[in-house]
2 protein chains.
Amino acid sequence: MIEKVELEKARRLIEKRGCAPGAEKVALPEAHGRVLAEDIAAPVDCPPFNRSPLDGYALQAGDTAGASPSAPARLEVIDTVYAGGYSHKKVTGGIAVRLMTGSPIPEGADCVIRQEDTRLEEGRVVIEKELFPWENYCFRGENLRKGDTVLKKDSVLQAAAIGVLAGVGVAAVPVYKKPAAAVLSTGDELIEPGVLPAPGQIYGSNLYTIACRLKECGINVLSTGILRDDRAAIGGAVAEAAGRADFIITTGGVSAGEKDLMAAVMKELGAEIVFRGVKIRPGSAVLFSVLGGKPVISLSGNPLASAVTFELLLPPFLQKITGNRSLERRTMQAVLQNDFDKKSPVRRALRGKFWRDREGRAVVEIIDHMQSSGNLTVALKSNCYIDVEKGSTGLKRGEMVRIIV
Amino acid sequence: MIEKVELEKARRLIEKRGCAPGAEKVALPEAHGRVLAEDIAAPVDCPPFNRSPLDGYALQAGDTAGASPSAPARLEVIDTVYAGGYSHKKVTGGIAVRLMTGSPIPEGADCVIRQEDTRLEEGRVVIEKELFPWENYCFRGENLRKGDTVLKKDSVLQAAAIGVLAGVGVAAVPVYKKPAAAVLSTGDELIEPGVLPAPGQIYGSNLYTIACRLKECGINVLSTGILRDDRAAIGGAVAEAAGRADFIITTGGVSAGEKDLMAAVMKELGAEIVFRGVKIRPGSAVLFSVLGGKPVISLSGNPLASAVTFELLLPPFLQKITGNRSLERRTMQAVLQNDFDKKSPVRRALRGKFWRDREGRAVVEIIDHMQSSGNLTVALKSNCYIDVEKGSTGLKRGEMVRIIV
């Protein structure tokens with residue numbers, strides 16, 4: 001076991017113990033929001049036939065050579081193609097076929113004239129301009145050839161991607177299986193929302209925040225539960241969860257005042273303790289263990305601390321187990337908008353609000369000056385963390401700081 | 001009926017016919033991703049009692065007056081408060097109570113000293129420094145008072161918001177009801193993905209794209225279906241859908257070459273035709289009608305055109321019927337990265353890719369130079385539309401353009 005690891009090392013140690021997800025084939029509508037497990041090749045050419053981009057007439061461009069308002073070309077219209085149909089007839093000199101937008105262009109024709117640029121006279125189409133070969137002509141496979149990659153492995157299937165897959169005729173796709181998680185909160189002080197707290201009792205909100213965040217990351221949350229500060233009860237619940245879930249997140253029982261309850265439980269269960277403690281505040285109280293191959297990430301019982309740790313520690317792990325590369329947090333430089341005069345012997349993550357100023361520069365304001373760990377609503381105003389290096393003597397307005405969005 | 005309306009007017013005409021959503025109360029876990037229908041007040045003070053922010057001892061600051069390493073204060077520890085409990089005892093001069101982080105501070109105490117700053121000697125806590133009154137003391141209700149607004153009406157309930165509500169003891173919340181939609185695609189040429197197309201047939205992808213986009217906007221999609229180009233069949237399906245859904249989106253049958261099939265059907269059904277045609281390309285072929293109070297938005301059958309119209313026309317309407325204000329598209333100025341030399345007598349929406357350059361400036365590249373309406377994969381590379389005014393003689397690299405993100 002390692003005591004007090006750097007944030008970056010903690011991230012790697014947790015990520016290492018995550019398993020890449022397996023794949024399953026699901027029907028297209030169910031694939032919405034999922035992550036592609038393989039490259040998808042077009043099953044047919046797209047378009048699947050030579051196609052007219054507009055309403056008009058298919059013909060041979062040569063028939064319009066020299067055509068003008070004073071000397072128009074006149075072609076016999078031998079067929080009309082309606083939506084979903086096609087013409088068996090071959091277009092030769094002096095002949096045209098009426099087409100709708102998207103219709104297959106008949107054999108022999110090498111261009112299409114727009115309906116608005118023509119008129120019909122006694123069954124003949126009158127054309128007063130010259131056309132070039134292949135004008136208004138979409139070639140079979142010009143967008144995609146059969147076998148071309150439509151979407152790459154690891155793409156997140158939002159609406160546009162689902163539409164593209166449907167458009168090339170794909171009815172089902174391989175996506176990564178959703179990992180399953182169990183979330184447990186420990187604490188004799190915890191009660192469920194909806195009842196009045198007795199003195200000393202508080203609402204167990206971590207279960208809710210963490211379960212929702214996991215769902216937002218594409219993870220199935222199998223179960224959530226509040227547990228008393230009882231080794232046997234916690235040990236039983238963790239062992240049971242490890243049998244069903246791919247990983248477990250617990251909150252509470254990791255700070256010094258709580259007698260390292262989780263560490264004791266995990267040792268009793270024979271789990272491998274990978275590390276204890278991360279060099280960042282808030283959220284330094286973290287225990288990472290592995291029980292029967294299943295990662296068990298034990299976070300602080302303090303809601304703000306557990307939220308910080310979740311966002312700073314888990315993205316690489318969550319990315320690995322879901323295959324969703326967009327879960328990683330973006331880091332960037334931003335101009336600080338206010339002072340922070342607290343000295344920080346340890347590295348700190350301050351909640352901030354990030355936006356773009358009129359010139360497009362990234363700017364950030366510290367919104368938890370008080371660092372009041374009980375102030376839940378701070379989380380709602382914040383959209384980033386400011387990474388304050390250890391040994392910092394404070395931050396000044398105008399300084400460039402590193403933020404994690 | 002109005003022919004050929006401006007985009008902005010079309011947006012307003014559709015929005016006007018949307019109904020603000022009703023509310024329903026749902027349990028907190030089910031409220032995830034939903035939109036709050038009322039302000040939520042804290043049901044209790046937060047914290048609900050005077051609370052210790054750290055592990056240590058509650059005492060009267062006066063007892064530490066003059067305390068130093070050479071002349072420490074020694075206080076009798078008369079009680080210990082464990083998680084979830086509290087002390088009935090009153091703290092008076094010379095007395096201390098041992099507390100855990102988050103414990104209620106007993107009556108009479110006016111400060112808390114951190115455990116690490118003390119030592120225990122023969123049942124007495126030894127303190128070598130002075131404390132101020134209210135040092136390390138969190139007051140009942142200091143974060144939120146009972147009745148204070150925790151979250152405002154119209155907030156989208158992401159994980160952090162669900163956690164905050166749980167943390168103040170809210171077990172169920174009023175959220176807007178999800179509107180119900182039906183999506184219908186018409187076209188004799190349309191087939192379902194998964195089968196091989198005969199000549200002239202194409203895959204009906206609009207249903208998939210639109211149903212997924214509606215779900216992403218928080219709308220229940222009751223049904224989707226492909227219909228033949230048959231007035232009676234379309235009329236029957238639209239009338240049936242209008243009886244069940246709050247609104248209907250159809251695709252196909254709105255362009256001139258398709259003989260205004262949808263307009264004919266809507267007239268036969270006795271619907272009010274509000275407008276036909278929008279002054280923008282692609283996506284100009286739009287029919288908006290209202291049948292028995294239910295908006296029926298009929299978009300082009302062309303996948304790119306219907307996608308553009310959806311994104312440019314519907315956000316205000318979708319925002320109104322869901323209560324989700326974040327659905328509105330953001331518009332901004334960006335520096336164009338390439339030329340566009342096509343003259344535009346009508347207003348155009350070009351697909352673009354927007355990003356920030358090194359200085360943070362918004363820049364945008366046109367990615368559908370060809371404007372090939374069949375090229376579905378363009379949709380995947382695009383993250384914005386470039387709004388090209390009517391009468392434009394083309395755009396130049398370096399020009400500022402208006403983009404819709």
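Residues numbered from 1 in each chain as written. Chains lettered and ligands numbered in written order. Predicted model: local features only at pLDDT ≥ 70, side-chain atom pairs only at ≥ 80, totals over all residues. Heavy atoms only, no water.

Within chain A, the secondary structure is distributed over eight helices and 24 strands. By the compact-globule yardstick of 22 Å for 405 residues, chain A is too spread out, its C-alpha radius of gyration being 32 Å. Reported as C-alpha extents along the three principal axes, the dimensions of chain A are approximately 95 × 50 × 40 Å. Intrachain contacts of chain A at a sequence separation of at least 6 include 71% that bridge at least 24 residues. (Helix = DSSP H or I, 4+ residues; strand = E, 2+ residues; numbered from the N terminus. Rg over C-alpha atoms; globule rule 2.2 N^0.38 Å. Contact = heavy atoms within 4.5 Å.)

For the pair chain B and chain A, the best superposition has an RMSD of 0.1 Å and corresponds to a rotation of 180° with a translation of 0.0 Å parallel to the axis. Overall, the copies show the geometry of a two-fold rotation axis. Closest to the rotation axis within chain B is the C-alpha of glycine 360 of chain B, separated from it by 2.5 Å. Here 100% of the contact residues of chain B are again contact residues in chain A; the copies associate through an equivalent surface. (Least-squares fit on C-alpha atoms with pLDDT ≥ 70 in both.)

Turning next to the packing of helix α3 (residues 206-216) of chain A against helix α6 (residues 303-313) of chain A. All names here are of chain A. Look at α3 against α6: their axes get within 10 Å of each other, and the N-to-C directions meet at 20°. The orientation of α3 with respect to α6, classified from their angle, is roughly parallel. Crossing of α3 over α6 shows right-handed handedness. Residues Asn206, Ile210, Arg213 and Leu214 of α3 lie in contact with α6, whose contacting residues are Pro303, Ser306, Phe310 and Glu311. (Axes fitted to C-alpha atoms, helices over the stretch in contact; angles between N-to-C directions. Parallel < 35°, antiparallel > 145°, perpendicular 65-115°, else oblique. Left-handed = near helix turned anticlockwise from the far one by under 90°.)

Time to look at the nonpolar core. Membership of the largest hydrophobic core comes to 60 residues, with the highest contact counts inside it found for Leu214, Phe247, Phe275 and Leu318 of chain A together with Leu157 and Val173 of chain B. Leave out the neighbours within four places in its chain, and phenylalanine 275 of chain A touches Met1, Ile2, Val5, Ala10, Leu13, Ile14, Val286, Leu287 and Phe288 of chain A. (Core = buried A, V, L, I, M, F, W, Y, C linked by side-chain atoms within 4.5 Å. Buried < 20%, exposed > 50% of the residue type's maximum accessible area, 1.4 Å probe, protein only.)

It is worth spelling out the packing of aromatic side chains at this point. Throughout the structure, instances matching the rule amount to ten aromatic pairs over all chains. Between phenylalanine 275 of chain B and phenylalanine 288 of chain B, the aromatic rings sit 5.7 Å apart at their centres with planes inclined by 45°, giving tilted as the arrangement. Linking phenylalanine 275 of chain B in strand β17 (residues 272-278) with phenylalanine 288 of chain B in strand β18 (residues 287-291), this pair joins segments that are 13 residues apart in sequence. Three or more aromatic residues joined by ring pairs form one cluster here, namely Trp134, Tyr137 and Phe139 of chain A. Positioned above the aromatic ring of tryptophan 355 of chain A, the side-chain terminus of lysine 353 of chain A is 5.9 Å from the ring centre. (Phe/Tyr/Trp six-rings, centres within 6.5 Å; stacked < 30°, edge-to-face > 60°. Lys NZ or Arg CZ within 6 Å of the ring centre and 35° of its normal.)

Residue and element names in this part refer to chain A. The buried fraction of α3 amounts to nine of the eleven residues, a majority that puts the element mostly inside the structure. Within the span of α3, buried status applies to Asn206, Leu207, Tyr208, Thr209, Ile210, Ala211, Cys212, Arg213 and Leu214. Positive phi shows up at glycine 218, right after α3, with a value of about 85°.

Between chain B and chain A, the contact holds 63 residues from the first and 64 residues from the second. Buried surface at the junction of chain B and chain A, summed over both partners, amounts to about 5,000 Å²; 69% is from carbon and sulfur atoms. For the pair chain B and chain A, the interface holds zero salt bridges. At the junction of chain B and chain A, the tally comes to six residue pairs in polar contact (both at pLDDT 80 or more). Those elements giving two or more residues to the side of chain B that touches chain A turn out to be β10 (149-151), α2 (159-167), β14 (202-203), α3 (206-216) and α8 (378-381) of chain B. If you tally residues by element for the side of chain B that touches chain A, the top one is α2 of chain B, at eight residues. (Buried area = accessible area lost by both parts, 1.4 Å probe. Salt bridge = Lys/Arg side-chain N within 4 Å of Asp/Glu carboxyl O. Polar contact = N/O pair within 3.5 Å; in protein donor to acceptor, adjacent residues only side chain to side chain.)

Turning to the pattern of salt bridges, a few remarks are in order. For side chains bearing opposite charge, pairing can occur when the charged atoms are close. In the structure shown here, the tally under the stated rule is 44 salt bridges over all chains. For glutamate 121 of chain B, the salt bridge is made with arginine 74 of chain B, and the minimal N-O distance between the two is 2.6 Å. Highlighted residues: glutamate 121 of chain B in strand β8 (residues 118-121) and arginine 74 of chain B in strand β5 (residues 73-80), separated in sequence by 47 residues. Accessibility expressed as a relative area gives 28% for glutamate 121 of chain B, which makes it partly exposed. Overall, the relative accessible area of 43% leaves arginine 74 of chain B in the partly exposed class. It is possible to trace a salt-bridge network through shared partners that takes in Glu8, Arg347, Asp387 and Arg402 of chain A.

Residues and elements named next belong to chain B. Inspection of the secondary structure assignment puts serine 255 in the loop between β16 (247-251) and α5 (261-268). As for serine 255 and leucine 144, which are separated by 111 residues in sequence, their C-alpha atoms are 58 Å apart. In this structure serine 255 touches Asp260 and Ala285, once residues within four positions along its chain are discounted.

What follows covers α5 of chain B. Residue and element names in this part refer to chain B. Of all the eight residues making up α5, six are buried; the element is thus mostly covered by neighbouring parts of the structure. On its buried face, α5 sits against β12 (180-186), α4 (231-244), β16, β17, β18 and β19 (294-299). Looking one or two residues beyond α5, the residue adopting positive phi is glycine 270, at roughly 80°.

Below, the discussion takes up the pairing of strand β20 (residues 331-336) of chain B. In the sheet, β20 of chain B pairs with strand β24 (residues 400-404) of chain B via five bridges, with the strands oriented antiparallel. Residue pairing across strands places glutamine 333 of chain B opposite arginine 402 of chain B, the latter belonging to β24 of chain B. (Pairing = 2+ DSSP bridges.)

Mean pLDDT over chain A stands at 92; residues scoring 70 or higher make up 97%. Interface scoring of the predicted complex returns ipTM 0.91; its pTM is 0.92. (pLDDT = per-residue confidence, 0-100.)

Attention shifts here to the sheet that holds β18 of chain B. Strands in a sheet are paired, the pairing made by backbone hydrogen bonds, and the direction either parallel or antiparallel. All names here are of chain B. Spatially, β1-β17-β18-β19-β16-β12-β15 is the arrangement adopted by the seven strands of the open sheet, whose pairing is mixed. Each edge of the open sheet is held by one strand with a lone partner, namely β1 (2-5) and β15 (220-227). Direction aside, the axes of adjacent strands within the sheet are offset by 20° on average. Relative to β16, β12 runs parallel, the two sharing five bridges. Looking at β16, one finds that alanine 182 is bridged to isoleucine 248. Across the sheet, α5 touches β12, β16, β17, β18 and β19, and the angle it forms with β18 is around 15°.

Residues and elements named next belong to chain A. Read from one edge to the other, the open sheet built from six strands follows the order β7-β4-β6-β5-β9-β8, with strand pairing classed as mixed. Whereas interior strands pair on both sides, the edge strands pair on one side only; in this sheet they are β7 (111-114) and β8 (118-121). Between one strand axis and the next, the sheet turns through 40° on average, direction left out of account.

Residues and elements named next belong to chain A. Looking at the element boundaries, serine 185 is found in strand β12 (residues 180-186). Looking at serine 185, its side chain comes within polar contact range of the side chain of threonine 251, at 2.8 Å. Beyond its immediate sequence surroundings of up to four residues, serine 185 is in contact with Leu190, Asn206, Leu207, Gly225, Ile226, Leu227 and Thr251.

This part is about the packing of helix α1 (residues 7-16) of chain B against helix α7 (residues 315-322) of chain B. All names here are of chain B. At a minimum axis separation of 8 Å, α1 and α7 run at an interaxial angle of 20°. Comparing their axes, α7 and α1 come out roughly parallel. Two packed elements cross with a definite hand, and for α1 against α7 that hand is right-handed. Contact residues: Arg11, Ile14, Glu15 and Lys16 in α1; Pro316, Phe317 and Lys320 in α7. The residue inventory of the contact of α1 with α7, partitioned by class, reads three nonpolar, no polar and four charged. (Nonpolar A, V, L, I, M, F, W, Y, C, P; charged D, E, K, R; others polar.)

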